[in-house]
Amino acid sequence: MSNIVIELLGPTNVRQSEVDGINKLLPQLSKKAKPITLGWLLCACGRRTSSLRRSCLYVARDTEVYTSDSIVGMALIYFVWGPDGWHSEIHAVVVDENHRGLKIGKMLTEKLVATAKEVAAVNQESFNVYLTSKPERVAANNMYLSMGFKLVAKADGDNGTNLYKLLVTP
Ligand SMILES: CC(C)(COP(=O)(O)OP(=O)(O)OC[C@H]1O[C@@H](n2cnc3c(N)ncnc32)[C@H](O)[C@@H]1OP(=O)(O)O)[C@@H](O)C(=O)NCCC(=O)NCCS
């Protein structure tokens, strides 16, 4: 879709409209999701994170819409440094239900993986990107497998989640 762009949120492009857009998406990710605030979003967008801990929050935006409804997807990646090297996790990948099946989820996840590769290149270090997904999230599990993520632990029990990893190299 030519009118969809993937945008990195940062201190300069976060306003209440981004908060409202994300708060429309979160219930589509989890019924238990709590609404975020502008303070939370500024924190997630890196203003207060150190160089050893960083998060990158991307949104998919429909450039033909000029309200908070312009945000039609989101995805978040964390990087944390520890003595054994970098560690990365993907969270909160969700596409608005009226925009699914249009490759927006894949575009968002590709952007997260590209960001992880940049971190690997800057630090000249390979590391794994981890994510979890419940087995009933069929579209999500298919998407991660089709993008090269490896299933490393299968969900165990009713509330279990599948664990995936992807090795990124410089
Ligand atoms: C998972 C999700 C983000 C996918 O977003 P999307 O934009 O609809 O997906 P895409 O169009 O980019 O499809 C990417 C791949 O996902 C898989 N997929 C997408 N929709 C699917 C469906 N209805 N059934 C099975 N697989 C599906 C396919 O492998 C697809 O690749 P293909 O079209 O080349 O076969 C979206 O379905 C969603 O928001 N789901 C609810 C929240 C959620 O489960 N998030 C993941 C948390 S771990």
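Model, not experiment: these values are computed from the prediction.

**Comments concerning unusual backbone geometry**
- A positive phi angle, near 75 degrees, is found at Lys103, a position not held by glycine.
- As for its placement among the helices and strands, Lys103 is situated in the loop between strand E4 (85-95) and helix H3 (104-123).
- Residue class for Lys103 comes out exposed when judged on its relative accessible area of 57%.
- Here the phi dihedral of Gln124 falls at roughly 50 degrees; this positive angle occurs in a residue that is not glycine.
- The topology assignment puts Gln124 in the loop between H3 and strand E5 (127-133).

**Here we look at the pattern of salt bridges**
- Scanning the entire structure with this criterion turns up four salt bridges.
- Two residues, Arg61 and Glu7, come together in a salt bridge whose shortest N-O distance is 2.8 Å. Of this pair, Arg61 sits in strand E2 (residues 53-62) while Glu7 is found in strand E1 (residues 4-8), placing the two residues 54 residues apart along the sequence. Per residue, the accessibility class of Arg61 equals that of Glu7, and both read buried.
- Lys24 is paired through a salt bridge with Asp69; the nearest N and O atoms lie 2.7 Å apart.

**As for the sheet that holds E1**
- Strand order in the open sheet made by the seven strands is E1-E2-E3-E4-E5-E7-E6, with mixed pairing throughout. Whereas interior strands pair on both sides, the edge strands pair on one side only; in this sheet they are E1 and strand E6 (150-153). The sheet shows a mean angle of 25 degrees between the axes of neighbouring strands, taken without regard to direction.
- Inspection of the sheet shows E1 paired to E2 by five bridges, in the antiparallel sense. Considered in E2, the bridge of Val5 is made with Arg61.
- Docked against the sheet, helix H1 (residues 16-29) engages E2, strand E3 (71-82) and E4, running at close to 85 degrees with respect to E3.
- Each of E4, E5 and strand E7 (162-168) touches helix H4 (residues 138-146); the most contacted strand, E5, lies at about 160 degrees to it.

Scoring rules and cut-offs
Residues numbered from 1 in each chain as written. Predicted model: local features only at pLDDT ≥ 70, side-chain atom pairs only at ≥ 80, totals over all residues. Heavy atoms only, no water. Helix = DSSP H or I, 4+ residues; strand = E, 2+ residues; numbered from the N terminus. Buried < 20%, exposed > 50% of the residue type's maximum accessible area, 1.4 Å probe, protein only. Salt bridge = Lys/Arg side-chain N within 4 Å of Asp/Glu carboxyl O. Pairing = 2+ DSSP bridges. Axes fitted to C-alpha atoms, helices over the stretch in contact; angles between N-to-C directions. Contact = heavy atoms within 4.5 Å.

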